[in-house]
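Analysis of the macromolecular model
Here's the letter readout for the chains.
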Amino acid sequence: PKHTVRAKTSSLAKLLTWVMEQTLLQGEALCHQSDYISMKLMTETKRPSIISSDWHNCLKCGYDVQALEWPSWLKNCLEAAGASSDIV
């Protein structure tokens, strides 16, 4: 499907490139800079167990706000890149 997230410079493209170049280890996660800063300001723990994001950042990664879910084509892209669709 046509979607801005499929551009070569999108957040999703950067995520897929990262995962294909270096697999995430258990306990590692990728998130937007603004989400990371927000988490660090809101928690005292070194590594929060839950990563939260806002609608804007989720949209940049392809989230479907009408269906309120990650689309199947996006999950298929992640799995084709060798990443679990559980990372979204």
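Residues numbered from 1 in each chain as written. Predicted model: local features only at pLDDT ≥ 70, side-chain atom pairs only at ≥ 80, totals over all residues. Heavy atoms only, no water.

1. Brief notes about the packing of helix α1 (residues 11–21) against helix α4 (residues 72–80)
How two helices sit against one another is set out by the angle between their axes and by the gap between those axes. The criterion, for reference: Whenever a helix is involved, its axis is fitted only over the stretch in contact; in every case the axis is a line through C-alpha atoms, and angles between N-to-C directions fall within 0 to 180 degrees. Helix and strand definitions follow DSSP, with helices as H or I runs of at least four residues and strands as E runs of at least two, each counted in order from the N terminus. The cut-offs work like this: below 35 degrees is roughly parallel, past 145 is roughly antiparallel, 65 to 115 is roughly perpendicular, and the gaps in between are oblique. Every residue pair with non-hydrogen atoms within 4.5 Å of one another is taken to be in contact. By the convention adopted, Pro, Cys, Tyr, Trp, Phe, Met, Ile, Leu, Val and Ala count as nonpolar, Lys, Arg, Asp and Glu as charged, and the other residues, Gly among them, as polar.
In the contact formed by α1 and α4, the axes pass within 10 Å of each other and the chain directions differ by 25°. When the axes of α1 and α4 are compared, the pair comes out roughly parallel. For the pair α1 and α4, the contacting residues are Leu12, Leu15 and Leu16 in the first and Trp73, Leu74, Cys77 and Leu78 in the second. In the contact of α1 with α4, the residues fall into seven nonpolar, no polar and no charged.

2. Quick word on the packing of aromatic side chains
The criterion, for reference: Stacked, tilted and edge-to-face pairs are distinguished by plane angle, under 30 degrees for stacked and over 60 for edge-to-face with tilted covering the rest, among Phe, Tyr and Trp rings (Trp via its six-membered ring) whose centres lie within 6.5 Å. Residue burial is assigned from relative accessible area. The probe radius is 1.4 Å, only protein chains are included, and a residue is buried under 20% of its type maximum, exposed over 50%, and partly exposed in between.
Using the criterion set out here, one finds two aromatic pairs in the structure. Judged by centre distance (5.7 Å) and plane angle (55°), the rings of Trp55 and Tyr63 are tilted. A relative accessible area of 16% places Tyr63 in the buried class. An angle of 75° between the planes, with centres 4.9 Å apart, marks the rings of Tyr63 and Trp70 as edge-to-face. Residue classification places Trp70 among the buried residues on the basis of a relative accessible area of 18%. Among the aromatic side chains, those forming a connected cluster through ring pairs are Trp55, Tyr63 and Trp70.

3. Concerning a nonpolar patch on the surface
To keep things clear, this is the line we draw: Any residue with relative accessible area above 30% and no salt bridge may belong to a patch, with like charges joined within 9 Å and the nonpolar Val, Leu, Ile, Met, Phe, Trp and Tyr side chains within 5 Å. We get accessible surface area from the Shrake-Rupley algorithm with a probe of 1.4 Å; when it comes to residues, only the shown protein chains can shield them. Any Lys or Arg side-chain nitrogen located within 4 Å of an Asp or Glu carboxyl oxygen qualifies as a salt bridge.
A contiguous nonpolar surface patch, about 530 Å² in accessible area, is contributed by Tyr36, Ile37, Leu41 and Met42. Along the chain, Met42 falls in helix α2 (residues 33–42). Relative accessible area serves as the criterion here: at 73%, Met42 is assigned to the exposed category.

4. Notes on the nonpolar core
Short version of the rule: We call a set of buried residues a nonpolar core when its members are Ala, Val, Leu, Ile, Met, Phe, Trp, Tyr or Cys and they connect through side-chain atoms within 4.5 Å of each other.
Leu12, Leu15, Leu16, Trp70, Trp73, Leu74 and Leu78 are the most contacted members of the largest nonpolar core, which totals 14 residues. Counting only elements with at least two residues in this core, the list comes to α1 and α4. By residue number, the principal contributor to this core is α1, which donates four residues.

5. A few points about α1
Convention followed: This arc is built from the directions going out from the helix axis to the C-beta atoms.
All of the buried residues along α1 are Leu12, Ala13, Leu15, Leu16 and Val19. Viewed along the axis of α1, the buried residues span an arc of 160°, placing them on a single side of the element. Turned more than 90 degrees away from the buried face of α1, the exposed residues are Lys14 and Glu21. In this fold, the buried residues of α1 make contact with α3 (55–60) and α4.

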